[in-house]
Amino acid sequence: MQEIQEFNQQLVKQRRSSSILIGILLASGFIASVPMFSDSIKHEETLYCNVKSSCRPSKIKRGISFLVDRERRNQLFDNNINVVKILPPEDDKAVSYGLAASLFLLSAYGVSKALTDSQEKSIHSQFKLLKIKALETDIIEQNHIDIFQFSKQGQAEVAKQSIAREVQKAIQKEKSEGELQLDYFNGQLQGQLSLKGHQLQLSELDKETAKNNLETLETQRKIDKLNKPVQDAKTPTPNEELKNSLTEVLKGHEDGWLWTVIKAAKPLWIIGEQGTGKTNTSVAIALIRKYCLNIPVYRIADRHLNGANSKVWKLLEAQLKADNDSAIIETLQDTYERRLERIGQDLDDKQSEQFLLDEFTHLKDLDKETVQRFIKSTFSDTRKAKERFIGVTHLGTNEAFGEGTDAMRKAGSILIEKFSADGDKPLSRVVIKHGLVDADGNKLKDVEYTLPKWFEANKIYQHFNGKPINFDE
């Protein structure tokens, strides 16, 4: 209550001092605005009379000079008057007084508004504070009542137990020797009965537990039996047989170099002149990765995507495709950004994807900066981004890849060169320029191998789609 009275006194003091200030400002404003109500104070005036009159004082008229001058532009009016005298303004500072009056009145309004807002906020804050204190008081009182009730109940319970013990002692003292012995035997009997009852409960619980375990094992056995044809089959499914047969042939072909290339996470570049079958070989490798390693093809970029190689491209069933210069450059930029995003997601091998890029040779002429950024990312980011990249180009030199990339290419990619006999028919002969190592870890350079006769995109696709390859032919 005292806080409310002090707060009210504070508000009264504020209103009193503000009212005095507002009154002074209002009075000053009204006083300063008085000159604004008289034209003679503010403006220069002209005394004139009609030329036909005698210009006696009663015939003289008064008018604001700039208005009279405006009328005198009318020649008829000007010819019919005589200007008697020009009266200057009584106070040339009247306008300044008017401005000062406006400032005083606005200041009075501002002070009044500020006081109202300030006191409104103070009142709301005080109400909140009083409400919080009231709640605190209620909580304290409620806790005090609860503690008192709890203490009272505890005291009653202690007194009740104490009286019960005293009564029990008095009864024991009154019992005879035989009654005491009978109580002793009854106590032993009750103890044995309680022990047996406890043991029986444990036995029942053990029985229920064993029953539940038996039912669980029976259910699990039935589930295993149902899943056995799918999960525990001793013979592989037809699709697994096709994978295993192809994988075994690749592992046995010339020390398994081709299977090593297919499994490798390094970027793979296939170079060669026209007619060497570079695109067909890249699609064949991508199909084996798709079917045997479960790595889908996410993107294809080829300036001639809808040309002569369109049939083999369709075998990959890629999600995204680019078939013109602008789309390819946009794909390279998007792939670069996608790699960075995938690196940040910490993906596992099951989330790997493939990207095939054909006709890379002249892409740097379209957008050199984007291509260089893409190339450097290809040599450094594809493994972390879980991307299996296959690029096809005519050259494997700095002219195609850009200056300063030689060391990166040799350390971070596999380069395979293909050949043709007459510029049209591809040969099975290939040369591994770099990127592989032998059993002792030594880098292989310019090592010559051959591709199997059946290593073609269409045959590999048909192998998994109803027409298995006869590897013995």
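It should be noted that the structure appears before, not after, this text.
These numbers come from a predicted model, not from an experiment.

(A) Up close: helix α12 (residues 368-381). Spanning 14 residues, α12 covers 19 Å between terminal C-alpha atoms, matching the ideal 20 Å at 1.5 Å per step. The complete set of buried residues in α12 reads Thr-370, Val-371, Phe-374, Ile-375, Ser-377, Thr-378, Phe-379 and Asp-381.

(B) Structural context of a nonpolar patch on the surface. Taken together, the side chains of Leu-26, Phe-30 and Leu-105 present a nonpolar region at the surface, about 250 Å² in accessible area. Relative to the helices and strands, Leu-26 resides in helix α1 (residues 2-33). Given a relative accessible area of 31%, Leu-26 falls into the partly exposed group.

(C) Focus on unusual backbone geometry. In this structure, Glu-254 is a non-glycine residue whose phi angle is positive, near 45 degrees. Mapped onto the fold, Glu-254 is located in the loop between α7 (238-252) and α8 (257-263). Positive phi, normally seen in glycine, also occurs at Asp-255, with a value near 65 degrees. Note that Asp-255 resides in the loop between α7 and α8. We classify Asp-255 as exposed; its relative accessible area is 80%.

(D) Just the state of the cysteines, in detail. Summed over the entire model, instances satisfying the criterion amount to one disulfide. A sulfur-sulfur distance of 1.7 Å marks the disulfide that ties Cys-49 to Cys-55. What makes Cys-49 buried here is its relative accessible area of 2%.

(E) Representation of the pattern of salt bridges. Within the structure shown, the criterion is met by 13 salt bridges. Lys-113 is paired through a salt bridge with Asp-117; the nearest N and O atoms lie 2.7 Å apart. Highlighted residues: Lys-113 and Asp-117, both in helix α5 (residues 94-174), separated by four residues, approximately one helical turn. Looking at Lys-113, the relative accessible area reads 38%, which means it is partly exposed. With relative accessibility at 29%, the residue Asp-117 sits in the partly exposed group. Between Glu-317 and Lys-290 there is a salt bridge whose closest N-O contact spans 3.3 Å. With Glu-317 in the loop between α10 (310-314) and β6 (320-322) and Lys-290 in helix α9 (residues 278-292), this pair connects stretches of sequence that are 27 residues apart. The exposed category is assigned to Glu-317, whose relative accessible area is 54%. Classification of Lys-290 as buried rests on a relative accessible area of 18%.

(F) Region of interest: the sheet that holds β6. Pairing within the open sheet is mixed, and its eight strands lie in the order β6-β5-β7-β8-β4-β9-β10-β11. The sheet terminates laterally at β6 and β11 (447-450), the two strands that pair on one side only. Recorded for the sheet is a direction-independent mean angle of 20 degrees between the axes of neighbouring strands. Judged from the five bridges that link them, strand β7 (residues 353-357) and strand β8 (residues 387-393) form a sheet pairing that is parallel. Within β8, the residue paired with Leu-357 across the bridge is Gly-391. Against the sheet, helix α11 (residues 325-344) contacts β5 (297-301), β6, β7 and β8, and its axis sits at roughly 150 degrees relative to β7.

(G) Local environment of the layout of surface pockets. Reported here for the largest pocket is a volume of approximately 630 Å³. Together, 27 residues line the largest pocket, and Thr-276, Gly-277, Lys-278, Asn-280 and Pro-426 are the ones closest to its centre. Elements represented by at least two residues in the lining of the largest pocket include exactly α9, β8 and β10 (426-434). Here the lining of the largest pocket takes four residues from α9, the largest share from any one element.

(H) Just empty space enclosed by the protein, in detail. Applying the stated rule across the entire model yields one cavity of 30 Å³ or more. When its volume is computed, the largest cavity comes out at roughly 40 Å³. Contributing to the lining of the largest cavity are Trp-257, Leu-258, Val-261, Ile-270, Thr-281, Ile-285, Ile-416, Val-430 and Leu-451. Mapped onto the lining of the largest cavity, the elements with two or more residues apiece are α8 and α9. Residues that form the lining of the largest cavity fall into these classes: eight nonpolar, one polar and no charged.

The rules we used
- Numbering of residues starts from 1 in every chain and runs along the sequence as written.
- Only residues with pLDDT of at least 70 are given local features in this predicted model, and only at 80 or more are side-chain atom pairs given and counted; all residues enter the totals for whole chains, interfaces and linings.
- Excluded from the side-chain calculations are hydrogens and water; all other atoms, namely the structure's heavy atoms, are used.
- Secondary structure elements are defined from DSSP: runs of H or I of at least 4 residues count as helices, runs of E of at least 2 residues count as strands, and each element is numbered from the N terminus.
- What a helix should span is 1.5 Å times the count of its residues minus one.
- We call a residue buried when its accessible area falls under 20% of the maximum for its residue type, exposed when it is over 50%, and partly exposed in between, using a 1.4 Å probe and counting protein chains only.
- Nonpolar side chains (Val, Leu, Ile, Met, Phe, Trp, Tyr) are joined into patches within 5 Å and like charges within 9 Å, using only residues with over 30% relative accessible area and no salt bridge.
- To measure how exposed things are, a 1.4 Å probe is used in the Shrake-Rupley method; for residues, cover is taken only from the protein chains shown.
- A carboxyl oxygen of Asp or Glu within 4 Å of a side-chain nitrogen of Lys or Arg is what we treat as a salt bridge.
- Put simply, a disulfide is two cysteine sulfurs that come within 2.5 Å.
- DSSP bridges decide pairing: two strands pair if at least two such bridges lie between them.
- The angle between two axes is taken between their N-to-C directions and runs from 0 to 180 degrees, where each axis is a line fitted to C-alpha atoms and a helix contributes only its stretch in contact.
- Between two residues, a contact is recorded if the distance between any of their heavy atoms is within 4.5 Å.
- The way it works is a 1 Å grid over only the protein atoms, where trapped points that fit a 1.4 Å probe form a cavity and open points with protein on both sides within 12 Å along at least five of seven lines form a pocket, and then any residue with an atom within 4 Å of a point lines it.
- Grid points are joined across faces, edges and corners, and a volume is the space filled by probe spheres set on the points.
- Side-chain classes follow a simple rule in which Ala, Val, Leu, Ile, Met, Phe, Trp, Tyr, Cys and Pro form the nonpolar group, Asp, Glu, Lys and Arg form the charged group, and the remainder, Gly included, forms the polar group.

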